[in-house]
Amino acid sequence: LHDVVTLVNALGEIGAQALVLPPYFFRAAPAQGVYAFMDALLTRTQAAGTGIFLYHFTEMSTVAVDAGMMAGLVAAHPGRMQGVKDSSGNLGSVLSWLAFPDVAVFAGDDHLLRPLVA
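Read on for an overview of the structure. What you are looking at is a predicted structure, and each value in this text was computed from that prediction instead of being measured. (Residues numbered from 1 in each chain as written. Predicted model: local features only at pLDDT ≥ 70, side-chain atom pairs only at ≥ 80, totals over all residues. Heavy atoms only, no water.)

Topic: the nonpolar core
Membership of the largest hydrophobic core comes to 22 residues, with the highest contact counts inside it found for Val20, Met38, Ile52, Leu54, Met70, Leu73 and Met81. Where this core is concerned, the elements lending two or more residues are α1 (2-13), β1 (18-20), α2 (31-44), β2 (52-56), α4 (67-76) and β3 (81-86). Broken down by element, the residue count for this core peaks at 5 residues, all from α2. Ignoring sequence-local partners within four residues, the contact set of Leu54 consists of Leu19, Val20, Met38, Val65, Met70, Leu73, Met81, Gly83, Val84 and Lys85. (Core = buried A, V, L, I, M, F, W, Y, C linked by side-chain atoms within 4.5 Å. Buried < 20%, exposed > 50% of the residue type's maximum accessible area, 1.4 Å probe, protein only. Helix = DSSP H or I, 4+ residues; strand = E, 2+ residues; numbered from the N terminus. Contact = heavy atoms within 4.5 Å.)

Structural notes on the environment of Val74
If you trace the backbone, Val74 turns up in helix α4. Residues Val74 and Phe100, 26 residues apart in the sequence, show an inter-C-alpha distance of 8.8 Å.

A look at the pairing of β2
Within β2, 5 of the 5 residues are buried, leaving the element largely enclosed by the surrounding structure. Both faces of β2 are covered, namely the face carrying Ile52, Leu54 and His56 and the face carrying Phe53 and Tyr55. Relative to β2, β1 is paired through 3 bridges, and the arrangement is parallel. Of the residues in β2, the one forming a bridge with Ala18 is Ile52. Sheet topology places β2 next to β3; 5 bridges connect them, and they run parallel. Across the sheet, residue Ile52 finds its bridge partner in β3, namely Met81. (Pairing = 2+ DSSP bridges.)

Topic: the sheet that holds strand β4 (residues 104-107)
Pairing within the open sheet is parallel, and its 4 strands lie in the order β1-β2-β3-β4. Bordering the open sheet on either side are β1 and β4, each of which pairs with just one other strand. Neighbour-to-neighbour, the strand axes of this sheet turn through a mean angle of 25 degrees, independent of strand direction. (Axes fitted to C-alpha atoms, helices over the stretch in contact; angles between N-to-C directions.)

Some points on the pairing of β3
With 4 bridges joining them, β3 and β4 adopt parallel strand pairing. Within β4, the position partnered with Val84 by the bridge is Val105.

Have a look at this one:
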């Protein structure tokens, strides 16, 4: 957590935003633990004001982020959650993020472009 906080604060100092992968070194971490990590990160980087994008890529990380987690983070940290990149390859998963109109949604799989545009 310390290293991520340091990097996110540095990004905030130059006006950049951060794409944050959940703490994947804890394989298949429970949702409560991932939420606690993200909540702590947002709390400790509040002064820098860095916009945060969640990275949902369970194939690589084995750690999921979901709409429930996003709802909690958006409520607890207004304006900080800027978006999500969903590389699951699952159309339903990507569409689930649309429940958050103030959050940008990026699909990390090119084969989803056509159905998303439709």
